[in-house]
Every structure is written in C-alpha cells, then in structure tokens.
Amino acid sequence: MKKAFLKWIMAVLGVTSVSSCFLYASPHATYEAKGRVTDEEGRPITGIQVNFCTDYGETDSLGNKIYYRDGDAVLTDVDGKFSLNSERYDLLDHETISIGFIDIDGPDGGGSFQSKFVEQPLVQKSKGKWNDSWDQGNYEVPGEVNVTLERDAE
C-alpha cells in the first residue's frame, strides 16, 4: 500500500513539474505604452478600456478586423490618460503592436464612443535577463499614444 502511494505521489509531482516547465519556459516579453484618449473636441474621456491586442487576420461578417485582447486591461483616468504594462507569452515580430480602445461604460464617462484599434511601433528598452530565446526583453511604444475616439451615432 505504501509503495503504491509513493508511486502515485511521484507521478503527480512528475506531471506537475513537467506542466510548470511549459508555463514558465515560454517565449515572453514585456510591453509598455502610455498616452491619452480624447473626443473630437479634445476633451478627455474617462473609463475607456485599453488593452494590447492581437490581429490574427480574421474578419467578422461585415469585413471588419477582429482583434483579440491580451493581458490585463487598464482604464483611462479623469484626464483620459492611461499607462499599460503587460507581459505577453506570444511570438510577436517586436516591430509593432496593436492597442485597443473600447468604451465599456456607455454614456458614463463622457458619452458613448466607437471602439478603435491602432497599430504602434515598438522599440526595445532592454534585452532579456538570461539572453536566451525565452526572455525576449522589454519593449515600449515610443512617446505617447494620443487617440481620438468618435461618438457613437445616436
């Protein structure tokens, strides 16, 4: 009985070790962007959800690009400003990144606005810690991303 229990424990620990290896041994990089979101009159918009996004080349039934939001989102503050910092586990080209701006609160925060997705250039701030292919370093969108959102048709 004791021997069977030990085999079971070893099997569980072995599977856990292997699966955690896949979790922690994935290509990853850290991305940063900051900026401001305003309406057409230049007024800041509060409560806009900002995410890094991935474009897999898919479109919806109307022919619009479909973007998949990645990582944690942030919301714009009362001045319309945001600061986004996210570690991602995908292989990007590291030259550009998509950022999505989505009005999740409707008329609160200054009105209802259309979503917008913008492609931004990336620059490498620092190389990965271990100088290998897993840790691909830290990247940022240079300067500030200033986005103007259009109001939804009422």
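Residues numbered from 1 in each chain as written. Predicted model: local features only at pLDDT ≥ 70, side-chain atom pairs only at ≥ 80, totals over all residues. Heavy atoms only, no water.

Asks: Just give me the short version of the overall build of the protein, but keep the residues and values in it.
Replies: If you tally the helices and strands in the protein, you get 1 helix and 9 strands. Here the protein, with 154 residues, has 33% of them falling under the buried criterion. Partitioning the contacts of the protein with sequence separation of at least 6, the portion at a separation of at least 24 is 64%. Counting only carbon and sulfur atoms, one obtains 54% of the accessible surface of the protein, whose full area is about 9900 Å². (Helix = DSSP H or I, 4+ residues; strand = E, 2+ residues; numbered from the N terminus. Buried < 20%, exposed > 50% of the residue type's maximum accessible area, 1.4 Å probe, protein only. Contact = heavy atoms within 4.5 Å. Areas by Shrake-Rupley, 256 points an atom, 1.4 Å probe, with all protein chains shown as cover.)

Asks: Residue-level account of the side chain of S98, with values.
Replies: Along the chain, S98 turns up in strand 5 (residues 96-103). On the accessibility criterion, S98 (5% relative accessible area) is buried. Only 2.5 Å separates the side chain of S98 from the side chain of E119, close enough to count as a polar contact. (Polar contact = N/O pair within 3.5 Å; in protein donor to acceptor, adjacent residues only side chain to side chain.)

Asks: Explain the pairing of strand 5 to me, and be specific about the residues and the numbers.
Replies: Within strand 5, 7 of the 8 residues are buried, which leaves it mostly tucked inside the rest of the structure. Strand direction decides the pairing type here: strand 5 and strand 6 (residues 116-121), joined by 6 bridges, are antiparallel. Note on strand 6: the bridge partner recorded for F101 is K116. (Pairing = 2+ DSSP bridges.)

Asks: Account for the packing of aromatic side chains, naming residues and giving values.
Replies: Each aromatic ring pair is described using two quantities: the centre-to-centre distance and the angle formed by the ring planes. Counted according to the given criterion, the structure contains 3 aromatic pairs. Relative to Y139, the ring of Y31 has its centre 5.8 Å away and its plane inclined at 25°; by these criteria the two rings are stacked. Here Y31 is found in strand 1 (residues 28-38), whereas its partner Y139 is found in strand 8 (residues 135-140), with 108 residues between them in sequence. Grouping residues by exposure puts Y31 and Y139 together as buried. (Phe/Tyr/Trp six-rings, centres within 6.5 Å; stacked < 30°, edge-to-face > 60°.)

Asks: Describe the sheet that holds strand 2 (residues 48-59), with residues and values.
Replies: A sheet is described by the order of its strands in space; here 4 strands give the open sequence 3-2-5-6, paired in antiparallel fashion. Of all the strands in the sheet, the pair left with one neighbour each is strand 3 (65-75) and strand 6. Between one strand and the next, the sheet's axes are offset by a mean angle of 35°, whatever the strand orientation. Where strand 2 and strand 5 come together, 6 bridges link them in antiparallel fashion. For F52, the partnering residue across the bridge sits in strand 5 and is I99. (Axes fitted to C-alpha atoms, helices over the stretch in contact; angles between N-to-C directions.)

Asks: Let's hear about the pattern of salt bridges: which residues, and what values?
Replies: Pairs may arise between side chains of opposite charge once their charged atoms sit close together. Scanning the entire structure with this criterion turns up 4 salt bridges. Taking the shortest distance from any N to any O, the salt bridge between D39 and R151 comes out at 3.3 Å. Of this pair, D39 sits in the loop between strand 1 and strand 2 while R151 sits in the segment after strand 9 (145-148), and the two are 112 residues apart along the sequence. By relative accessible area, which is 3% here, D39 ends up buried. Classification of R151 as partly exposed rests on a relative accessible area of 27%. Note that E41 is salt-bridged to R43, the shortest N-O span being 2.9 Å. In this structure R43 comes out as partly exposed when scored by relative accessible area, which is 44%. When salt bridges with common partners are traced through the structure, they connect D39, E41, R43 and R151 into a single cluster. (Salt bridge = Lys/Arg side-chain N within 4 Å of Asp/Glu carboxyl O.)

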